[in-house]
Amino acid sequence: MAVDPLIELRDVNKHFGTLHVLQDITLTVGRGEVVVVIGPSGSGKSTLCRAVNRLETIESGRIIIDGQDLPEEGKALAALRADVGMVFQSFNLFAHKTVLENVSLAPVKVRGRKREDADRRSRELLDRVGLADQAEKYPAQLSGGQQQRVAIARALAMEPKALLFDEPTSALDPEMINEVLEVMQQLARDGMTMVVVTHEMGFARSAANRVVFMADGRVVEDRTPEDFFTAPRSERAKDFLSKILKH
């Protein structure tokens with residue numbers, strides 16, 4: 001059990017029609033912890049990630065962020081979403097706004113920052129993700145890897161308590177994956193609380209405090225990377241690892 005829980009899921013259930021995508025999920029993420037969620041396609045990983053900031057609603061159970069139950073809707077939910085940043089597979093940048101505007105928008109609109117303060121902070125964050133020189137460009141002028149790093153800077157601009165990553169590299173060409181993972185590795189080293197759904201086992205091994213292995217809507221294993229990768233307990237995990245670690 002994490003000493004200082006920031007995100008808690010307790011007996012969370014969710015169906016899509018007859019499909020029971022989240023089955024009695026109980027999971028705790030401690031402050032400053034990096035939890036990597038892996039598993040076969042259709043295991044419920046992305047749904048779990050999206051449920052944490054209520055992009056997916058749940059049918060039963062509780063989700064608690066920093067001691068508060070996840071609000072249903074309205075202002076309280078918006079405030080909570082500001083505290084839990086999300087980085088998607090598909091970047092979701094505003095095409096008609098510059099990189100700088102993309103990063104500054106929410107701090108101004110949601111947090112009420114002055115534009116010049118927000119822009120100054122945004123430039124610092126762009127520098128942190130290695131894109132200080134791209135501030136005036138538009139998303140279409142950037143590579144996929146650069147766009148995803150802008151999306152990370154944008155999430156950080158809200159000064160979130162935690163970041164959720166839903167397969168952040170799966171839409172990228174192979175040569176761009178590392179530039180995004182390097183930024184995520186650095187965030188992990190800096191102590192950012194992160195929940196990362198990914199297929200990148202190298203990242204899981206090196207950056208995670210815990211690996212959560214899901215199959216068929218359940219958490220099958222929740223262990224340190226060292227234990228999980230060297231001695232998986234379940235047949236499902238052994239099977240999964242044998243398939244992906246072959247190449």
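What counts, and at which threshold
Residues numbered from 1 in each chain as written. Predicted model: local features only at pLDDT ≥ 70, side-chain atom pairs only at ≥ 80, totals over all residues. Heavy atoms only, no water. UniProt positions renumbered as here; feature names shortened; annotations may be inferred. Helix = DSSP H or I, 4+ residues; strand = E, 2+ residues; numbered from the N terminus. Rg over C-alpha atoms; globule rule 2.2 N^0.38 Å. Buried < 20%, exposed > 50% of the residue type's maximum accessible area, 1.4 Å probe, protein only. Contact = heavy atoms within 4.5 Å. Lys, Arg positive; Asp, Glu negative; His and termini not counted. Charge placed at Lys NZ, Arg CZ, Asp CG, Glu CD. 1 Å grid on protein atoms, 1.4 Å probe; cavity = no way out; pocket = protein on both sides within 12 Å on 5 of 7 lines; lining within 4 Å. Points joined across faces, edges and corners; volume = space filled by probe spheres on them. Nonpolar A, V, L, I, M, F, W, Y, C, P; charged D, E, K, R; others polar. Pairing = 2+ DSSP bridges. Axes fitted to C-alpha atoms, helices over the stretch in contact; angles between N-to-C directions.

The chain has the name ABC-type polar-amino-acid transporter in an unreviewed UniProt entry, where Streptomyces ficellus is given as its organism. The heading Subcellular location (unreviewed entry) in the UniProt record of the chain holds the text "Cell membrane". Within the UniProt record for the chain, the comment given under Sequence similarities (unreviewed entry) is "Belongs to the ABC transporter superfamily."

Colleague: Honestly, the overall build of the chain in this entry has me stumped. Any pointers?
Modeller: Each helix and strand in the chain was counted, giving 9 helices and 10 strands. Computed over its C-alpha atoms, the radius of gyration of the chain comes to 18 Å, within 12% of the 18 Å expected for a compact globule of 247 residues. Looking at the chain residue by residue over its 247 residues, the buried ones come to 53%. A sequence separation of at least 24 residues applies to 66% of the contacts in the chain between residues at least 6 apart. Between the mean site of the 33 positive side-chain charges and the mean site of the 36 negative ones, the chain shows a separation of 2 Å.

Colleague: What's the story with the layout of surface pockets in this structure? I'm lost.
Modeller: A probe matching the size of a water molecule, rolled over the atoms, marks out where space remains unfilled. Of the pockets and cavities examined, the largest pocket occupies roughly 500 Å³. Taken together, 19 residues form the lining of the largest pocket, with Arg81, Met86, Ala106, Arg154 and Met158 sitting closest to its centre. Mapped onto the lining of the largest pocket, the elements with two or more residues apiece are helix H2 (74-83), strand E6 (84-87), helix H3 (99-109) and helix H5 (144-157). For the lining of the largest pocket, the per-class residue count stands at 12 nonpolar, 4 polar and 3 charged.

Colleague: In this structure, what is going on with the UniProt feature "domain: ABC transporter" (unreviewed entry) in the chain? I would like to understand it.
Modeller: UniProt's entry tags residues 7-241 with the feature "domain: ABC transporter" (unreviewed entry), counted in the numbering of this structure. What you have in residues 7-241 is 40% helix and 26% strand, and the ends, taken at the C-alpha atoms, are 27 Å apart.

Colleague: I'm lost on the pairing of strand E2 (residues 19-30) in this one. Help?
Modeller: Each regular strand displays side chains that alternate between the two surfaces of the sheet. As judged from the 8 bridges shared by strand E1 (residues 5-16) and E2, these two strands associate in the antiparallel manner. By the bridge assignment, lysine 14 is partnered in E2 with leucine 22. Linking E1 back to E2 in an antiparallel pair, the connection comprises 2 residues, with glycine 17 at a positive phi of about 60 degrees.

Colleague: Sorry, what's going on with the sheet that holds strand E3 (residues 34-38) here?
Modeller: In a beta sheet, neighbouring strands are held together by backbone hydrogen bonds and run either parallel or antiparallel to one another. What the 6 strands build is an open sheet, ordered E6-E7-E8-E3-E9-E10; its pairing is mixed. Every other strand in the sheet has two partners, leaving E6 and strand E10 (218-223) as the edge strands with one partner each. Strand-to-strand twist of the sheet, defined as the mean angle between neighbouring strand axes without regard to direction, takes the value 20 degrees. Each of E3, E6, strand E7 (162-166), strand E8 (193-197) and strand E9 (210-215) is contacted by helix H1 (residues 45-52), which is oriented at about 150 degrees to E7, the strand it contacts most. Packed onto the sheet, H2 meets E6 and E7 and runs at close to 65 degrees relative to E6.

Colleague: How do you make sense of H1 when you look at a structure like this?
Modeller: With respect to burial, H1 is a largely interior element, 6 of its 8 residues being buried. If you check which residues of H1 are buried, you get Lys45, Thr47, Leu48, Cys49, Ala51 and Val52. Once H1 finishes, arginine 54 follows within two positions and takes phi at roughly 65 degrees, a positive value.

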